[in-house]
Amino acid sequence: MSSELWLLLPSFLIVSFLYSTVGHGGASAYLAISALVGLSHQEMVPMALSLNLAVAGIGFWHYWQAGYFSRQLLLPFVLTSIPGAFIGGSLSLSPRVFALLLGLTLLLASVRLLGLGREIRPKWTVESRILWPAGLVTGFVLGLLAGLIGIGGGIFLSPLLLFLSWADAKRTAAVSSAFIVLNSASGLLAHTLQGSPNWALGLPLVAAVMIGGGLGSRLGALRFSPVTVQRLLGAVLLLASFKLLQQALAG
């Protein structure tokens, strides 16, 4: 296990840095890298969710401190995504079809974000009569899918908020980081009830991702321009789409 650990440490540090700049935790990339070194998906999902909690939690703190967090925008989504993530994490269904469809969706979203040369700005203030029903339904679906695949769900929520023009890049990062923390905790609880994660492997990895996540989220919240954050999000979604498509084809 030690040889795998030394391969994972630098990789996870870099991933956590990149993902945290846009408020994400990096679970999709952690799972992809773990598969490449021969670790099983079942073994690494609880660990990836734990790392998500650490990285997205740090990211949320930085974006919240910088004044970008919107409780009103988050609440309708998480009220249903939290139980959805628990249900998804409790199921033993194969996520192959979900991974294929979502991988293609994220691939298209990433290409669009990487091709934009302007900042995406909210076009209107979302009314409660639209936000609440849309958020409650969408939140459950995103939480369920996140639980099935073993991630926090920010890679689904971020492009949705941006393309609906409900938030700019930095507010999206702040809301997504909180969304990821809550869903990761819910999914982790479901997986922990089925078996104990390998904490001996996890503790050094937590330290690595906290370093990368701390640096990345601080730069994303305080230093990078909104367009830079959008392009970084496009890169993150591109990596996530490759991971999901790899998972679908391998299944």
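Our structure is the block above this text.
Every value quoted in this text rests on a predicted model; they were computed, and no experiment measured them.

Peer 1: An account of the overall build of the protein chain is needed here, citing residue identities and associated values.
Peer 2: Check the secondary structure of the protein chain and you find ten helices and zero strands. Secondary structure elements of the protein chain occur, N-terminal to C-terminal, as α-α-α-α-α-α-α-α-α-α. Relative to the 2.2 N^0.38 estimate, which gives 18 Å for 251 residues, the radius of gyration of the protein chain is 16 Å and therefore close to what a compact globule would have. Seen along its three principal axes, the alpha-carbon backbone of the protein chain occupies a region of about 50 × 35 × 30 Å.

Peer 1: Please give an account of the packing of aromatic side chains that cites residues and values.
Peer 2: Per the stated rule, a full pass over the model turns up four aromatic pairs. Judged by centre distance (4.7 Å) and plane angle (35°), the ring pair of F12 and Y30 falls under tilted. With F12 in helix α1 (residues 2-20) and Y30 in helix α2 (residues 27-36), this pair connects stretches of sequence that are 18 residues apart.

Peer 1: I'd like a rundown of helix α7 (residues 154-163), residues and numbers included.
Peer 2: The element α7 is largely enclosed, with a buried count of eight among its ten residues. The complete set of buried residues in α7 reads G154, I155, F156, L157, S158, P159, L161 and L162. Residue S165 follows α7 closely and has a positive phi angle near 60°.

Peer 1: Quick one: what's the story with the packing of helix α3 (residues 41-65) against helix α8 (residues 169-194), residue by residue and with numbers?
Peer 2: Geometrically, a packed helix pair is captured by the angle between its two axes and the distance between the axes. Taken N-terminus to C-terminus, the directions of α3 and α8 make an angle of 150°; their axes are 8 Å apart at the nearest point. The angle between α3 and α8 places the two elements in the roughly antiparallel class. Taken as a pair, α3 and α8 cross one another with a handedness that is left-handed. Within the contact between the two elements, α3 uses V45, P46, L49, S50, N52, L53, A56, G57, G59, F60 and Y63 and α8 uses K170, A173, A174, S177, A178, I180, V181, S184, A185, G187, L188 and H191.

Peer 1: Tell me about a nonpolar patch on the surface, residues and numbers included.
Peer 2: There is a patch of nonpolar side chains on the surface, built from L13, I14, F17, I211 and L215 and spanning about 460 Å² of accessible area. Every element with two or more residues in the nonpolar patch is listed here: α1 and α9 (199-222).

Peer 1: Outline the side chain of S186, supporting the account with residue identities and numerical values.
Peer 2: Tracing the backbone shows S186 in helix α8. Residues in contact with S186, not counting those within four places in the same chain, are I82, A85 and F86.

Peer 1: Tell me about the side chain of S241, residues and numbers included.
Peer 2: As for its placement among the helices and strands, S241 is situated in helix α10 (residues 226-250). Its relative accessible area of 0% is what places S241 among the buried residues. In contact with S241, not counting residues within four places along its chain, are G103, L106 and L107.

Peer 1: Explain the packing of α7 against α10 to me, using residue names and the numbers behind them.
Peer 2: One way to put it is that α7 packs onto α10 with a least axis distance of 11 Å and a crossing angle of 135°. When the axis of α7 is compared with that of α10, the two are oblique. Handedness of the α7/α10 crossing: left-handed. Counted together, I155, S158, P159 and L162 of α7 and L233, L237, A240 and L244 of α10 form the full contact between these two elements.

Peer 1: With reference to specific residues and values, describe the nonpolar core.
Peer 2: Across soluble globular proteins, you tend to see nonpolar side chains buried next to one another. Judged by nonpolar contacts, the single largest core of 66 residues is most densely connected at F12, Y30, I151, I155 and F156. Sort the elements by how many residues they give to this core and α3 lands first, with nine residues. Setting aside residues up to four positions removed in sequence, F156 forms contacts with L102, L106, L142, L145, A146, I149 and I151.

Criteria and thresholds
Residues numbered from 1 in each chain as written. Predicted model: local features only at pLDDT ≥ 70, side-chain atom pairs only at ≥ 80, totals over all residues. Heavy atoms only, no water. Helix = DSSP H or I, 4+ residues; strand = E, 2+ residues; numbered from the N terminus. Rg over C-alpha atoms; globule rule 2.2 N^0.38 Å. Phe/Tyr/Trp six-rings, centres within 6.5 Å; stacked < 30°, edge-to-face > 60°. Buried < 20%, exposed > 50% of the residue type's maximum accessible area, 1.4 Å probe, protein only. Axes fitted to C-alpha atoms, helices over the stretch in contact; angles between N-to-C directions. Parallel < 35°, antiparallel > 145°, perpendicular 65-115°, else oblique. Left-handed = near helix turned anticlockwise from the far one by under 90°. Contact = heavy atoms within 4.5 Å. Patch = residues over 30% accessible without salt bridge, like charges linked within 9 Å, V, L, I, M, F, W, Y side chains within 5 Å. Areas by Shrake-Rupley, 256 points an atom, 1.4 Å probe, with all protein chains shown as cover. Salt bridge = Lys/Arg side-chain N within 4 Å of Asp/Glu carboxyl O. Core = buried A, V, L, I, M, F, W, Y, C linked by side-chain atoms within 4.5 Å.

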